[in-house]
Amino acid sequence: MISVIIPTLNEAARLPALLAALDAQTAAHEVIVVDGGSRDGTLEAARHGGARALASEPGRGQQLAAGAQTARGEVLLFLHADSQLAPGALAAVERAFARQPSLIGGNFRVIFDGASGFARWLTGFYAWFRRHGLYYGDSAIFLSAAAYRALGGIKPIALMEDYDLSRRMERAGATCCIAEPALVTSSRRFQGRHPVAIFCGWLLVHGLFAIGVPPALLARLYDSRRRRAGAPSPPPQEASSL
């Protein structure tokens, strides 16, 4: 069984379609929604959609760790609420492990929604750096529960928890990227931000993380840069490396 773990904050409008799409997946699975303090009925929407609904301290790292702690599946898959798994996606995860029993885990090829040139560029950019072993939570990272425990799990840090996990996965053994079906994810967090500023911010955050700057400070820097760019501040679980 695959445990799909979804961190949320005020995602009541998006959850019904996401949970309906997951319900249509043919592979055996459970869905765990871990909410970080929504005020729009997200927990109720999760329960209505058939998911197990948990409350957690806010922050995506905290939420993912809480969900993984209660998961019952042999495989864990971390899914953002603004992403969509295509039909057959969970079956593709099962096939990947069946073909390669030593597999640690992996992720999906990402397509960013929207018709903008920047969304298309991001789709290509993600494909390029995945070939170099880099991937993030918006590509639906999955791994065996045994590997998750052996790696020490998700660190409940304020930023870069997905990057930190993927780097440990890459060092631990073989991973894969499922190309078909691809995962479609939202471009909403890039709205109101200039592409050059986004890319420079990505480089800055990674560089500071690499030299040991605390993730809590990086999260404040990330939010401050967005505010200066005129973009709305994201909810805690939406803060990302881009």
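Worth saying up front: this structure is predicted, and the values here are computed from it rather than measured. Numbering of residues starts from 1 in each chain and follows the order in which that chain's sequence is written. Where local features are concerned, this predicted model is filtered to residues with pLDDT of at least 70; where side-chain atom pairs are given and counted, the filter is 80 or more; whole-chain, interface and lining totals use all residues. Hydrogens and water are ignored here; the side-chain numbers use all heavy atoms of the structure.

Q: Tell me about the nonpolar core, and name the residues and values.
A: Put simply, buried Ala, Val, Leu, Ile, Met, Phe, Trp, Tyr and Cys residues joined by side-chain atoms within 4.5 Å make one nonpolar core. Residue burial is assigned from relative accessible area. The probe radius is 1.4 Å, only protein chains are included, and a residue is buried under 20% of its type maximum, exposed over 50%, and partly exposed in between. Within the largest apolar cluster, 34 residues are counted, with the highest numbers of intra-cluster contacts made by Ile6, Leu77, Leu79, Leu85 and Phe108. For helices the rule is a DSSP run of H or I covering at least 4 residues; for strands it is a run of E covering at least 2, with both sets numbered from the N terminus onward. Listing elements by their share of this core, those giving two or more residues are β1 (2–8), α1 (15–23), β2 (29–35), α2 (42–48), β4 (75–78), α4 (89–99) and β8 (175–185). Considering every element that reaches this core, the biggest residue donor is α4, with six residues. Not counting the four nearest positions on each side in its chain, Leu79 is found in contact with Val4, Ile5, Ile6, Pro7, Leu18, Leu22, Leu85, Ala140 and Leu183. Grouped together as the second largest cluster of nonpolar side chains are 19 residues, Val110, Tyr126, Trp202 and Val213 included. Residues are treated as being in contact if the distance between any of their heavy atoms lies within 4.5 Å.

Q: Account for the sheet that holds strand β7 (residues 142–144), with residues named and values stated.
A: Two strands are said to pair when DSSP picks up at least two bridges between them. The mixed open sheet is built from eight strands, whose spatial order is β3-β2-β1-β4-β7-β6-β8-β5. Bordering the open sheet on either side are β3 (52–55) and β5 (83–85), each of which pairs with just one other strand. Taken pair by pair, the neighbouring strands of this sheet meet at an average axis angle of 30 degrees, ignoring direction. When strand β6 (residues 105–112) meets β7, the two strands line up antiparallel, connected through two bridges. Note on β7: the bridge partner recorded for Gly106 is Phe142. The convention used is that axes are lines fitted to C-alpha atoms, helices contributing only their stretch in contact, and that angles between N-to-C directions extend from 0 to 180 degrees. Across the sheet, α4 is in contact with β1, β2, β4, β5, β6, β7 and β8; its angle to β8 comes to roughly 175 degrees.

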